[in-house]
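The primary structure of each chain is shown beneath.
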Amino acid sequence: MTALPGSLPARPQAGESEPVTPALSTPGLLLKLYRPDLVRALEALDIPPYRYAQVLEHLLRHPDTPFSEATSLPTELRAALADLGHNTLETAAHAVAADGTTKFLCRTRDGHEVECVFMPYGRRATVCVSSQVGCPVGCVFCATGGLGFRRDLSAAEIVDQVRLAAVAAARTGHRLSNVVYMGMGEPLLNLPAVLASIRLLTYPRGVGLSHRALSVSTIGLPAGIRRLARAEPQVNLALSLHAATDELRRRLVPGRYCQPLAAVMAAARDHFALTHRKLLVEYVLLEGINDSPEDARNLARLLKGMVVTVNLLPWNPLPRSLLRDPGGTGRPDSARTAALRFAPSPLATVQTFAEILRRADIEAVMRRSKGAEIRAACGQLAADRGSYRARG
Ligand code: SF4
């Protein structure tokens with residue numbers, strides 16, 4: 001691929017670290033990436049390589065069928081794999097909303113809990129997956145941001161959220177069509193595992209999703225945005241802006257991961273130059289904080305000339321328990337406690353905000369909150385359960 005004039009190079013510069021997965025095309029290597037424990041078991045049994053593809057296909061295509069019932073595999077292999085388990089996650093809890101949105105609280109083998117959300121739209125369904133246990137970014141309006149950070153998820157733990165959702169989709173007659181990396185965590189801080197999961201989800205003999213059906217969200221990490229563009233140019237980028245000035249953004253996204261807007265937008269432009277994928281901008285509207293006509297005009301100026309859709313998102317109030325004890329540390333957190341006073345913007349305000357963007361030739365979509373009654377927003381269910389309280 002040739003770099004466009006003035007854009008980023010297709011390969012990393014000398015000295016630049018590149019946390020992308022190596023070129024992996026064979027099922028055996030993909031399986032190793034996904035579940036090294038399974039590969040070790042196959043190697044120990046001296047199993048021929050073509051079985052690797054069968055194991056991988058079984059995992060990805062039959063998420064609800066344990067190895068013991070995998071009739072495509074020989075009996076001794078089924079027994080060996082059954083001991084290792086069919087999924088890296090188990091469902092600790094789930095809740096179903098009236099609109100069919102289903103939130104799964106998934107427990108990892110080491111006892112952490114992460115969320116994934118299954119969202120049906122007509123006959124299709126989108127899955128929102130987590131990429132980390134908690135999140136180190138700490139946005140003050142986000143329930144996950146108040147939970148603290150525990151660890152990155154592995155590629156298998158990301159893919160297995162989709163497998164759990166695929167079972168729900170099959171039961172309700174929906175086709176799993178899209179995956180969005182917008183759950184708990186900042187995906188670009190766990191890019192190797194995210195890229196590995198993308199390879200697995202787009203493996204044609206597995207789930208077989210199109211790259212264009214995947215969207216990776218970020219709070220705006222310029223280096224990660226460029227690496228994603230180089231590694232997966234067909235995958236969509238969703239940029240969580242939430243503010244159009246640095247001053248306001250630093251209030252909402254405190255800490256070192258809040259990069260200057262000029263650098264973030266330069267990376268977003270580089271992303272488009274390489275990928276030609278329309279940028280998605282996520283903007284959570286908070287009454288009296290970032291929803292004024294002036295805020296809308298600032299956003300329009302920031303996005304001027306870009307190929308972009310702005311998703312205007314309703315805010316879901318945070319659990320008060322989380323605000324009183326952010327991250328389960330017992331320490332006060334003035335920025336997060338200030339979020340107690342946040343409120344979702346009224347409909348009329350949202351409409352005015354959208355209209356200002358549209359008059360500036362920027363596509364703006366007012367999103368409704370799916371599954372609000374089951375606390376489907378990122379981190380809410382885990383926060384409600386106090387999942388993080390026991391671990392310091
Ligand atoms: S909004 Fe995203 S980046 Fe910010 S704390 Fe929540 S999960 Fe992390």
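A brief look at the structure comes next. (Residues numbered from 1 in each chain as written. Predicted model: local features only at pLDDT ≥ 70, side-chain atom pairs only at ≥ 80, totals over all residues.)

What follows covers helix α5 (residues 155-172). The end-to-end C-alpha separation of α5 is 26 Å, in line with the 26 Å expected for 18 residues at 1.5 Å each. With 14 of 18 residues buried, α5 is to be regarded as a mostly interior element. Trailing α5 by a residue or two, Gly 173 shows a phi angle of about 75°, which is positive. (Helix = DSSP H or I, 4+ residues; strand = E, 2+ residues; numbered from the N terminus. Expected span 1.5 Å × (residues − 1). Buried ≥ 20, exposed ≤ 12 C-beta atoms within 10 Å, placed from the backbone.)

Turning to the site of the ligand, a few remarks are in order. For the ligand, the set of nearby residues contains 13 residues, the closest of which are Cys 135, Val 137, Cys 139, Cys 142 and Gly 145. Along the lines of polarity and charge, the residues of the shell around the ligand split into seven nonpolar, five polar and one charged. (Near = placed C-beta within 6 Å. Nonpolar A, V, L, I, M, F, W, Y, C, P; charged D, E, K, R; others polar.)

Attention now goes to the nonpolar core. Ranked by internal contacts, the top residues of the largest apolar core, which has 106 residues, are Val 127 and Ala 165. With ten residues, the single largest contributor to this core is α5. Here this core spans two domains, since at least three of its residues come from each of domain 1 (27-82) and domain 2 (90-385). The contact partners of Val 127, leaving out residues within four places of it in the chain, are Cys 116, Phe 118, Gln 161, Val 162, Ala 165, Leu 176 and Val 179. (Core = buried A, V, L, I, M, F, W, Y, C linked by C-beta atoms within 7 Å. Domains from an automatic or database assignment. Contact = placed C-beta atoms within 7 Å.)

Overall, mixed pairing links the ten strands, which are arranged β1-β2-β3-β4-β7-β8-β9-β10-β11-β12 in an open sheet. Pairing within the sheet leaves two strands with one partner each, and these edge strands are β1 (89-96) and β12 (363-366). When the angles between neighbouring strand axes are averaged without regard to direction, this sheet yields 25°. Relative to strand β9 (residues 236-240), strand β8 (residues 214-218) runs parallel, the two sharing four bridges. When the sheet's bridge partners are listed, Val 216 is paired in β9 with Leu 237. (Pairing = 2+ DSSP bridges. Axes fitted to C-alpha atoms, helices over the stretch in contact; angles between N-to-C directions.)

At His 242, a position not held by glycine, the phi torsion is positive, near 65°. Taking the number of C-beta atoms within 10 Å as the measure of exposure, His 242 has 26 and is therefore buried. Phi at His 276 takes a positive value of approximately 60°, unusual for a residue other than glycine. Summarising the element assignment, His 276 is placed in the loop between α9 (261-275) and β10 (279-285).

Describing two packed helices takes the angle between their axes plus the distance from one axis to the other. Direction vectors running N to C along α5 and helix α6 (residues 191-201) enclose 45°, while the axes themselves pass 8 Å from each other. In terms of their interaxial angle, α5 and α6 are classed as oblique. As α5 packs across α6, the resulting crossing turns out to be right-handed. Contacts between α5 and α6 pair Ala 155, Ile 158, Val 159 and Val 162 from the former with Ala 193, Val 194, Ala 196, Ser 197, Leu 200 and Leu 201 from the latter. Considering only residue class, the contact of α5 with α6 consists of nine nonpolar, one polar and no charged. (Parallel < 35°, antiparallel > 145°, perpendicular 65-115°, else oblique. Left-handed = near helix turned anticlockwise from the far one by under 90°.)

Between helix α7 (residues 222-231) and α9, the least distance of the axes is 9 Å, while the angle of their chain directions is 5°. In this view, α7 runs roughly parallel relative to α9, as classed from their interaxial angle. Only Ala 263, Val 264, Ala 266, Ala 267, Ala 268, Asp 270, His 271, Leu 274 and Thr 275 of α9 make contact with α7, whose side of the interface consists of Pro 222, Ile 225, Arg 226, Ala 229 and Arg 230. Of the residues that constitute the contact of α7 with α9, the class distribution is nine nonpolar, two polar and three charged.

Counting through the fold element by element, Arg 358 comes out in helix α13 (residues 347-359). For Arg 358, a count of 14 C-beta atoms within 10 Å puts it in the partly exposed group. Along the primary structure Arg 358 and Val 310 are separated by 48 residues, whereas in three dimensions their C-alpha atoms are 9.9 Å apart.

In terms of strand pairing, β10 meets strand β11 (residues 308-314) through seven bridges, oriented parallel. What sits directly across from Val 281, in β11, is Val 310. Handedness of the crossover joining β10 and β11 through helix α10 (residues 293-303): right-handed. The pairing of β11 with β12 spans four bridges and is classified as parallel. Among the inter-strand pairings, Leu 312 is bridged to a residue of β12, identified as Met 366. (Right-handed = clockwise from strand over helix to strand, strands pointing away.)

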